[in-house]
Amino acid sequence: MAGTISITWILGRRVFGRIPAIWASTVLLISLVPCFGKVAVVDSLLLFLQTTAVLSLMLAFRRGGAIWPFIFWLCVTLGVLAKGPTILILCGGVILTIAVFHPERRRLLNLHLWFGFPMALLPIYLWARAAWAVDGGDMILWMMDFYLLRRIGGTVLGHSGPPGYYLLLFVPMLF
């Protein structure tokens, strides 16, 4: 959590300027987010990787260069290894939003999507292949049912709503 607050300050300054970076870091520091660092360790790591990835994406988009796309794809890949494809949803949503709405969408080419995206998916493929070899796909099929189909159907971990609830909320909650 300290890393997330620090990276918000360090990279946030470069992306948004000094004052917004101070505000963002301060809000993170005084919120309940640091308290959850001890409770949900993998989620804390994912938050750090997502924050670094999105800020690096913005720097790659605005400034170009080789380091920011590298940091972006490294964080995406590590995020996939840490908690599955969740980071792909966030970063994909940001990229899609820029691609649709930003007048200088061509700058997304700075990210080298044709190379980085397959590399970010490589850990999922290698893990899935190894898991399938061990149990014939039972775990992967269970994960697809529990983490994907049940969310679309509306009931996950005691949270419920009508069928399609999570799917309908996906786009507004992205923003």
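Look a little higher up for the structure.
Residues numbered from 1 in each chain as written. Predicted model: local features only at pLDDT ≥ 70, side-chain atom pairs only at ≥ 80, totals over all residues. Heavy atoms only, no water.

(A) Spatial organisation of the layout of surface pockets. Each pocket or cavity is described by its volume, and for the second largest pocket that value is around 210 Å³. What lines the second largest pocket is a set of 13 residues, among which F70, W73, F115, G116 and M119 lie closest to the centre. Where the lining of the second largest pocket is concerned, the elements lending two or more residues are α4 (67-83) and α6 (113-135). Looking at the lining of the second largest pocket residue by residue, the classes come out as 10 nonpolar, 3 polar and no charged. (1 Å grid on protein atoms, 1.4 Å probe; cavity = no way out; pocket = protein on both sides within 12 Å on 5 of 7 lines; lining within 4 Å. Points joined across faces, edges and corners; volume = space filled by probe spheres on them. Helix = DSSP H or I, 4+ residues; strand = E, 2+ residues; numbered from the N terminus. Nonpolar A, V, L, I, M, F, W, Y, C, P; charged D, E, K, R; others polar.)

(B) Highlighting the pattern of salt bridges. Scanning the model with the defined rule gives 2 salt bridges in all. Residues K83 and D43 are paired through a salt bridge, measuring 2.3 Å at the closest nitrogen-oxygen approach. Residue K83 is found in helix α4, and its partner D43 is found in helix α3 (residues 41-63); the two are separated by 40 residues along the sequence. E104 is the salt-bridge partner of R107, the closest N and O atoms lying 2.6 Å from each other. By relative accessible area, E104 is classed as partly exposed at 37%. (Salt bridge = Lys/Arg side-chain N within 4 Å of Asp/Glu carboxyl O. Buried < 20%, exposed > 50% of the residue type's maximum accessible area, 1.4 Å probe, protein only.)

(C) Geometry of the packing of helix α1 (residues 2-16) against α3. At a minimum axis separation of 10 Å, α1 and α3 run at an interaxial angle of 10°. Regarding the angle of α1 to α3, the classification is roughly parallel. Together, G3, T4, I7, T8, L11, G12, R14, V15 and F16 of α1 and S44, L47, F48, T51, T52, L55, S56, M58, L59, R62 and R63 of α3 make up the contact between the two elements. Within the contact of α1 with α3, the residues separate by chemical class into 9 nonpolar, 8 polar and 3 charged. (Axes fitted to C-alpha atoms, helices over the stretch in contact; angles between N-to-C directions. Parallel < 35°, antiparallel > 145°, perpendicular 65-115°, else oblique. Contact = heavy atoms within 4.5 Å.)

(D) Summary view of the packing of aromatic side chains. Using the criterion set out here, one finds 1 aromatic pair in the structure. A centroid spacing of 4.7 Å and a plane angle of 75° characterise the contact between F72 and W73, whose relative ring orientation is edge-to-face. Here F72 matches W73 in class, with each residue buried. (Phe/Tyr/Trp six-rings, centres within 6.5 Å; stacked < 30°, edge-to-face > 60°.)

(E) How the structure looks around the packing of α4 against helix α5 (residues 86-101). The interhelical angle for the contact between α4 and α5, taken along N-to-C directions, is 145°, at an axis separation of 7 Å. Contacts from F72, C75, V76, G79, V80 and K83 in α4 reach T86, I87, L88, C91 and I95 in α5. When grouped by side-chain class, the residues that make up the contact of α4 with α5 number 8 nonpolar, 2 polar and 1 charged.

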